[in-house]
Amino acid sequence: LWCLMMSVTPTRGCLLDLPWEDILVPHILCHLPLQQLLSLQRVSKSFQSLIQLYLANMRCFDSSQIGPAIPRAAFVNLLKDNEVLQQLALQNCSDWLTDQELLPVIGQNHHLHQIQLKGCAQLSRQALVTISVSCPNLRKLSLAHCEWVDSLSLRSLADHCKALESVDLTACRQLKDEAICYLVQKCSRLKFLSLAVNANVGDVAVEETAKCCPELEHLDLTGCLRVKNDSIRVLAEYCPKLRSLKVKHCHNVAESSLSILRSRGVELDVEPPLQRALVLLQDVVGFAPFINLQI
């Protein structure tokens, strides 16, 4: 493809002679990695203009496509003219990304339906409020390890983004049951929810999630120490579409409640007690012993 873009013949002319907006941008450039597109800008002024046009019409931006780290100035320049983004993933910008860089991008892109901000620790609650107001069609949002997320900003999200289907709140340690309850009451279409690594989340939040979100398919409660058997039973009763549940390190959740979900084929991240015992015994003696399971 690179050779094609650089080829010029007297009879066929240059690839740049093809219609940019109708052919090159939607049918050719979209198949090139973003990092290669940025390199193309150095070929000529015409290529630079072409790539700028592509960036302005880009629907998906993933910072990981550029490399392990993207400079602040490069990020600002790449997205300054774009108003049609639908997907935005910025997990590789955590070292420098602040409200100053993010808010203008969010504010001018009202069609965003997926946003990934995992580990972007230098943002503030204003970032989530801006997302809430600017992106009413948001369906998927990752805020994992964003400890700046608090109950007020989460309420704003719930009030404005009722089409949400996936929310990752892993290690958002400021959030308590009350905030989670408000979210699930407003966003009843949720199919995926992660509340992992949050010691403040307990049975109240899990039970309200179960009762308000009948479409729930995946729930991550890893390390939620306050979650107990009762809420797991409510989850089994109210969420018939549940496909996976993570409860590792939830020390108050026992097989007595998990067996209900296990019998329905729900994928669990903890094994049945007997199977765990066999694995431990095998590790000790070096082989799987014969056990008469009918005894």
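Our structure is the block above this text.
Only a predicted model underlies this, so the values are computations on that prediction, with no experimental measurement involved. (Residues numbered from 1 in each chain as written. Predicted model: local features only at pLDDT ≥ 70, side-chain atom pairs only at ≥ 80, totals over all residues. Heavy atoms only, no water.)

Draft legend 1. Broad picture of the environment of C172. By the element assignment, C172 lies in the loop between β7 (166-168) and α9 (177-186). Residue C172 is classed as buried on the basis of its relative accessible area, which comes to 0%. For the pair C172 and E147, spaced 25 residues apart in sequence, the C-alpha to C-alpha distance is 4.7 Å. For C172, the residues in contact, after removing those within four places along its chain, are L143, C146, V149 and N198. (Helix = DSSP H or I, 4+ residues; strand = E, 2+ residues; numbered from the N terminus. Buried < 20%, exposed > 50% of the residue type's maximum accessible area, 1.4 Å probe, protein only. Contact = heavy atoms within 4.5 Å.)

Draft legend 2. Local environment of the sheet that holds strand β3 (residues 60-62). Reading across the sheet, the 9 strands line up as β3-β4-β5-β6-β7-β8-β9-β10-β11 and stay open at both edges, with parallel pairing between neighbours. With partners counted over all chains shown, the strands left at the sheet margins are β3 and β11 (267-268), one partner each. Taken together, the 3 bridges between strand β8 (residues 192-194) and strand β9 (residues 218-220) define a ladder with parallel strand orientation. What sits directly across from F192, in β9, is H218. (Pairing = 2+ DSSP bridges.)

Draft legend 3. Representation of the nonpolar core in the model. Among the nonpolar cores identified, the biggest contains 90 residues, and F61, L221 and L245 are the most heavily contacted of them. If you count residues domain by domain, this core takes at least three from each of domain 1 (19-56) and domain 2 (62-280). Among all residues touching L221, those that are not within four sequence positions of it are L195, A196, V206, V227, I232, L245, K246, V247 and C250. (Core = buried A, V, L, I, M, F, W, Y, C linked by side-chain atoms within 4.5 Å. Domains from an automatic or database assignment.)

Draft legend 4. Spotlight on the packing of aromatic side chains. Applying the stated criterion across every chain, the model contains 2 aromatic pairs. Centre to centre, the rings of F75 and W96 are 5.5 Å apart; their planes meet at 55 degrees, and the pair counts as tilted. Taken together, the residues F75 in helix α5 (residues 72-79) and W96 in the loop between β4 (87-89) and α6 (99-107) connect sequence positions 21 residues apart. No difference in accessibility class separates F75 from W96, as the two residues are buried. The rings of F61, F75 and W96 are connected pair by pair, giving a single aromatic cluster. Against the face of Y182 rests R155, its NZ or CZ located 3.8 Å from the ring centre. (Phe/Tyr/Trp six-rings, centres within 6.5 Å; stacked < 30°, edge-to-face > 60°. Lys NZ or Arg CZ within 6 Å of the ring centre and 35° of its normal.)

Draft legend 5. Quick look at the pattern of salt bridges. Applying the stated rule across the entire model yields 9 salt bridges. Across the salt bridge formed by R125 and D150, the nearest N and O atoms sit 2.5 Å from each other. With R125 in helix α7 (residues 125-134) and D150 in the loop between β6 (140-142) and α8 (151-160), this residue pair connects regions lying 25 residues apart in the sequence. The partly exposed category is assigned to R125, whose relative accessible area is 42%. Residue D150 is classed as buried on the basis of its relative accessible area, which comes to 6%. Of the charged contacts, one joins K241 and E215 as a salt bridge, the two residues approaching to 2.7 Å between their closest N and O atoms. Here K241, found in the loop between α11 (229-238) and β10 (244-246), pairs with E215, found in the loop between α10 (203-212) and β9; they are 26 residues apart in sequence, far enough to count as distant. The exposure class assigned to K241 is partly exposed, which follows from its relative accessible area of 42%. In this structure E215 comes out as partly exposed when scored by relative accessible area, which is 30%. (Salt bridge = Lys/Arg side-chain N within 4 Å of Asp/Glu carboxyl O.)

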